[in-house]
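Chains, contacts and geometry: an overview
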Amino acid sequence: MSGDPRPVGEDDLHGLIDGRLEPERQALVEAWLRGNPARAAEVSADRALRERLRARLAPIAEEAIPARLRVANIRSRHRPITGRWLPIAAAAVLCLAVGGAAGWFGHAARQVPTVTLARTEPATDDAVAAFRTFVVEAVHPVEVRADEKPHLVTWLSKRLGRAVTTPDLTAYGFRLMGGRLLPAGSEAAAMLMYDDDHGTRLTLYSRVGDADGRTVFRFAREGDVAAFSWVDGGMSYVVTGRTDEARLLTVAQAVDAQVRGLPVPPRQP
């Protein structure tokens, strides 16, 4: 099929997803995937996520995005991005562009994280497990309700040893229901729960992080549950919900801005 002696690697899989392989190399990679169904399933999932994100972001007018943030210009200035942790690099660039189109990215361009698809991490696994456990509760979804917010904030902040905030997500259709304390190994974690007028619930999980500094937003999906996670200032945050990626990303950006005291991005129409 092809005389190319190189073994199939991660760069090939990313190139296949991005549609930038030469025809002969693409045929070789596709043949290799047919003999490796586990990797084929991963590639299929990554490609589907990339296309969903593209579809969600398509309505944003290209004219609204500064020239320096347009995908074509970024691609012309940089070599293709590789690495196992970036299987959908084009989608990540598009998510950056959303912030610019919204009009607030220019104000905090150096501070807003980008997005990458993540293999699940301990904080994300724990957040998703907590979401599945408590989001179905009708009577006791939270320990302390929103009408006792001062007590809730003081209690969780004391137990985590860090200041806990309760982001206001009403502009995005979500109201604070309350929160609860959760175990996180030898430490404690806080979980805040929100809901909207349609009964959709989402949670904000936070705990002292494993590292200082700041990471990009990492997207993960486990069945019907989606999550965006990131680390900032020694804290790990995970926003989890049964909703589409675009809406959840907008909420995660709003949470991130509020816990850092930055201007809140406007809600997308």
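The present account deals with the structure reproduced in this document. (Residues numbered from 1 in each chain as written. Predicted model: local features only at pLDDT ≥ 70, side-chain atom pairs only at ≥ 80, totals over all residues. Heavy atoms only, no water.)

Moving on, we get to the nonpolar core. Burial of nonpolar side chains together is a common tendency in soluble globular proteins. Formed by 30 residues in total, the largest nonpolar core has its most connected members in Leu169, Leu202, Val239 and Val251. Elements with a minimum of two residues in this core: α7 (149-160), β4 (187-195), β5 (201-208), β6 (217-222), β7 (225-232), β8 (235-241) and α8 (245-259). Among the elements that line this core, the one with the most residues is α8, at 6 residues. The contact partners of valine 251, leaving out residues within four places of it in the chain, are Leu169, Tyr172, Phe174, Leu202 and Val239. In this structure, Phe134, Leu182, Ala189 and Ala227 belong to the second largest nonpolar core, which totals 18 residues. (Core = buried A, V, L, I, M, F, W, Y, C linked by side-chain atoms within 4.5 Å. Buried < 20%, exposed > 50% of the residue type's maximum accessible area, 1.4 Å probe, protein only. Helix = DSSP H or I, 4+ residues; strand = E, 2+ residues; numbered from the N terminus. Contact = heavy atoms within 4.5 Å.)

The subject of this paragraph is helix α2 (residues 23-34). Between its terminal C-alpha atoms α2 stretches 17 Å, which fits the 16 Å expected from 12 residues at 1.5 Å a residue. By the burial criterion, the buried members of α2 are Arg25, Leu28, Val29 and Leu33. The buried residues of α2 occupy one face: seen down the axis, they fall within an arc of 135 degrees. Pointing more than 90 degrees away from the buried face of α2 are the exposed residues Pro23, Glu24 and Arg34. (Expected span 1.5 Å × (residues − 1). Arc of directions from axis to C-beta.)

Just distances and angles here, no functional claims.
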